Amino acid sequence: MTDSITLCRPDDWHLHLRDGAMLAAVAPHSAGFGRAIIMPNLVPPVVTGAQAAAYRDRIMAALPPGAALQPQMTLYLTDTTDPADVVAAYRDGIIRAVKLYPAGATTNSASGVTDIDKVRPVLEAMAEAGITLCVHGEVTDPAVDIFDREAVFIDRVLDPIRRAVPGLRVVMEHITTADGVAYARSGGDDLAATITTHHLVINRNAILAGGIRPHYYCLPVAKRENHRLALRDAATSGEARFFLGTDSAPHPDSAKLQPCGCAGCFTAPNTMSILAHVFEQEGALDRLEAFASLNGAAFYGLPPAEDRIRLIRRDRPAEYPTSITAGDETVTVFDPGFPLYWHLETA
Ligand code: NCD
Ligand code: ZN
């Protein structure tokens, strides 16, 4: 049995670090990743290049000395985003991508796009400049069942956008369905998809069967088992279009454990141990590096990391905290529901 694997340092192509006390608490848990796409859904959202640069400075200040993490900033697309601002922020090296949240689709998305026609000039400028659009792919139409919102988004919104703006580089963020996998596979080099750690582990039963478990509630919500299996197939396939975006999304327990609790799983601390477990189960440990360290960088036109990490399989499980402290609050760490024998060491 393989008991040790060495990988180029992994990147996280979808990460929430928040701000203030929460940023200070969670940033050290992502410090061992290389590049990380930082989500802009702060309150208020990060909408200008200047705000992205200032946020980057706050992240750097929150990281421990010697941290590997290189924040890759994003702008939050709104109905009034100025195409010239986006292109300038990209050319100045401030941002790596732009994030599309349909208004109301998820946490802090109230300022998101209400009508895709309003942002068409921005998307055209992005296609021209080669700037990636990271897409939260769920419709918000209350008439659409929550478990269908990703599949309907692909038909109603994503495919029309890609036809209307040829050449636009798109990442389908945190896909959760076989439909998402199939659509990602239908595209060319300008289309990719991130997959989270937790969607490889849980299906919707984890949230709802035998009692309601708010710590497994995230958006897009976990789907049926056949969809989880499609995600595992995609992630472990080695195909260049699929790569890791943890969507590690910390919330205080006081906000999750409510009659109306918020969405997000905090997976930063144990992600690599969980992924090694999943890839080993699938007989695909040799493809973990493609998923976690190589494919995303290649899509974004970046070289692989020069340094390496090592995962070692031991007889005793790795110990992770069940929760961390953020200011006066606690944040629960994602519990995969099985012991984690893969220990992360820096080589
Ligand atoms: C994210 C958050 O908390 O910011 N929540 C989540 O459930 N994934 C937002 C998001 O990525 O949808
Ligand atoms: Zn997210």
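Computed from a predicted structure; not experimentally measured. (Residues numbered from 1 in each chain as written. Chains lettered and ligands numbered in written order. Predicted model: local features only at pLDDT ≥ 70, side-chain atom pairs only at ≥ 80, totals over all residues. Heavy atoms only, no water.)

1. Focus: the UniProt feature "binding site: Zn(2+) 1" (unreviewed entry) in the protein
No. 1: Taken from the UniProt record, the annotation "binding site: Zn(2+) 1" (unreviewed entry) applies to His-14, His-16, Lys-99 and Asp-247. Spanning 234 residues, the named residues nonetheless gather at one spot, since no C-alpha pair among them exceeds 13.2 Å. In the annotated group above, the largest cavity draws its lining from His-14, His-16, Lys-99 and Asp-247.
No. 2: Summarising the element assignment, His-14 is placed in strand E2 (residues 12-15).
No. 3: Accessibility expressed as a relative area gives 1% for His-14, which makes it buried.
No. 4: Discounting chain neighbours no more than four positions away, the residues touching His-14 are Ile-37, Met-39, Lys-99, Glu-173, His-174, Gly-245, Thr-246, Asp-247 and Ser-248.
No. 5: By the secondary structure assignment, His-16 is in the loop between E2 and helix H1 (20-30).
No. 6: Contacts of His-16, omitting those with residues within four sequence positions, involve Met-39, Asn-41, Tyr-101, Asp-247, Ser-248, Ala-249 and Pro-250.
No. 7: Of note is the side chain of His-16, whose polar atom sits 3.0 Å from the side chain of Asn-41. (UniProt positions renumbered as here; feature names shortened; annotations may be inferred. 1 Å grid on protein atoms, 1.4 Å probe; cavity = no way out; pocket = protein on both sides within 12 Å on 5 of 7 lines; lining within 4 Å. Helix = DSSP H or I, 4+ residues; strand = E, 2+ residues; numbered from the N terminus. Buried < 20%, exposed > 50% of the residue type's maximum accessible area, 1.4 Å probe, protein only. Contact = heavy atoms within 4.5 Å. Polar contact = N/O pair within 3.5 Å; in protein donor to acceptor, adjacent residues only side chain to side chain.)

2. Things to note about the environment of His-215
No. 1: Relative to the assigned elements, His-215 resides in the loop between helix H7 (205-208) and helix H8 (225-235).
No. 2: We classify His-215 as partly exposed; its relative accessible area is 24%.
No. 3: In this structure, the C-alpha to C-alpha distance between His-215 and Met-60, residues 155 residues apart in sequence, is 28 Å.
No. 4: Those residues in contact with His-215 that sit more than four places away from it in its chain are Asp-253, Lys-256, Leu-257, Gly-264, Cys-265 and Thr-332.
No. 5: In terms of polar contacts, His-215 uses its side chain to reach the side chain of Thr-332, at 3.4 Å.

3. Some remarks on the UniProt feature "binding site: Zn(2+) 2" (unreviewed entry) in the protein
No. 1: Cross-referencing UniProt, the feature "binding site: Zn(2+) 2" (unreviewed entry) maps to Lys-99, His-136 and His-174 in the present numbering. Spatially, the listed residues are clustered: although they cover 76 residues, their C-alpha atoms lie within 12.7 Å of one another. Taking the annotated residues in turn, Lys-99, His-136 and His-174 line the largest cavity.
No. 2: As for its position among the elements, Lys-99 is in strand E5 (residues 95-100).
No. 3: Each residue touching Lys-99, except ones within four places of it in the same chain, is listed here: His-14, Met-39, Pro-40, Leu-75, Tyr-76, Leu-77, Cys-134, Val-135, His-136 and Glu-173.
No. 4: Positionally, His-136 belongs in the loop between strand E6 (132-135) and helix H5 (149-164).
No. 5: Discounting residues that sit within four places of it in the chain, His-136 has contacts with Lys-99, Leu-100, Tyr-101, Pro-102, Ala-105, Thr-106, Phe-153, His-174, Leu-219 and Pro-220.
No. 6: Only 2.8 Å separates the side chain of His-136 from the side chain of Glu-138, close enough to count as a polar contact.

4. So, the pairing of strand E4 (residues 70-76)
No. 1: Judged by how many residues are buried, E4 sits mostly within the fold: 6 of 7 residues are covered.
No. 2: With 4 bridges connecting them, strand E3 (residues 35-38) and E4 associate as parallel partners. Paired with Ile-38 across the strands is Met-73, a residue of E4.
No. 3: With helix H2 (residues 49-62) bridging E3 and its parallel neighbour E4, the resulting β-α-β unit is right-handed.
No. 4: Note: E4 against E5, 4 bridges, orientation parallel. Each residue of the ladder has a partner; that of Thr-74, found in E5, is Ala-97.
No. 5: Once the chain exits E4 it traverses helix H3 (residues 83-91) before rejoining the sheet at E5, and the crossover so formed is right-handed. (Pairing = 2+ DSSP bridges. Right-handed = clockwise from strand over helix to strand, strands pointing away.)

5. Looking at the site of ligand 1
No. 1: Not every one of the 15 residues close to ligand 1 is listed here, only the nearest: Asn-41, Thr-106, Leu-219, Asp-247 and His-251.
No. 2: Between a nitrogen atom of ligand 1 and a side-chain N or O atom of Asp-247, the distance comes to 2.7 Å.
No. 3: Contact between ligand 1 and Ala-263: a nitrogen atom at 3.2 Å from a main-chain N or O atom of the residue.
No. 4: Taken by itself ligand 1 offers 310 Å² of open surface, and the protein chains cover 100% of this.
No. 5: At a threshold of 2 Å from the grid points, most atoms of ligand 1 map onto the largest cavity.
No. 6: Broken down by class, the residue content of the shell around ligand 1 amounts to 4 nonpolar, 9 polar and 2 charged. (Near = heavy atom within 4 Å. Areas by Shrake-Rupley, 256 points an atom, 1.4 Å probe, with all protein chains shown as cover. Sits in = over half its atoms within 2 Å of the grid points. Nonpolar A, V, L, I, M, F, W, Y, C, P; charged D, E, K, R; others polar.)

6. Some remarks on the coordination of the zinc ion (ligand 2)
Perfect tetrahedral coordination of a metal by four donors corresponds to 109.5 degrees between them, and perfect octahedral coordination by six donors corresponds to 90 or 180 degrees.
No. 1: Distances from the zinc ion (ligand 2) to its protein donors, His-14 (NE2), His-16 (NE2) and Asp-247 (OD), fall at 2.0 Å.
No. 2: Here the zinc ion (ligand 2) is ringed by 4 donor atoms whose angles at the metal span 92 to 133°, and the overall shape comes out tetrahedral.
No. 3: For the zinc ion (ligand 2), all donor residues lie on one chain, and their spacing in sequence is H-x1-H-x230-D. Taken together, the residues His-16 in the loop between E2 and H1 and Asp-247 in the loop between strand E9 (242-244) and helix H9 (253-256) connect sequence positions 231 residues apart. The exposure classification of His-16 matches that of Asp-247, with both residues buried. (Donors = N, O, S within 2.8 Å, 3.2 Å for Na, K, Ca; no water. Tetrahedral: all angles 85-135°; square planar, octahedral: opposite > 155°, others 65-115°.)

7. Topic: H1
No. 1: Residues of H1 that are buried include every one of Met-22, Leu-23, Ala-25, Val-26, Ala-27 and Ser-30, and no others.
No. 2: The inward-facing, buried residues of H1 abut E2, H2, strand E11 (323-326) and strand E12 (329-332).

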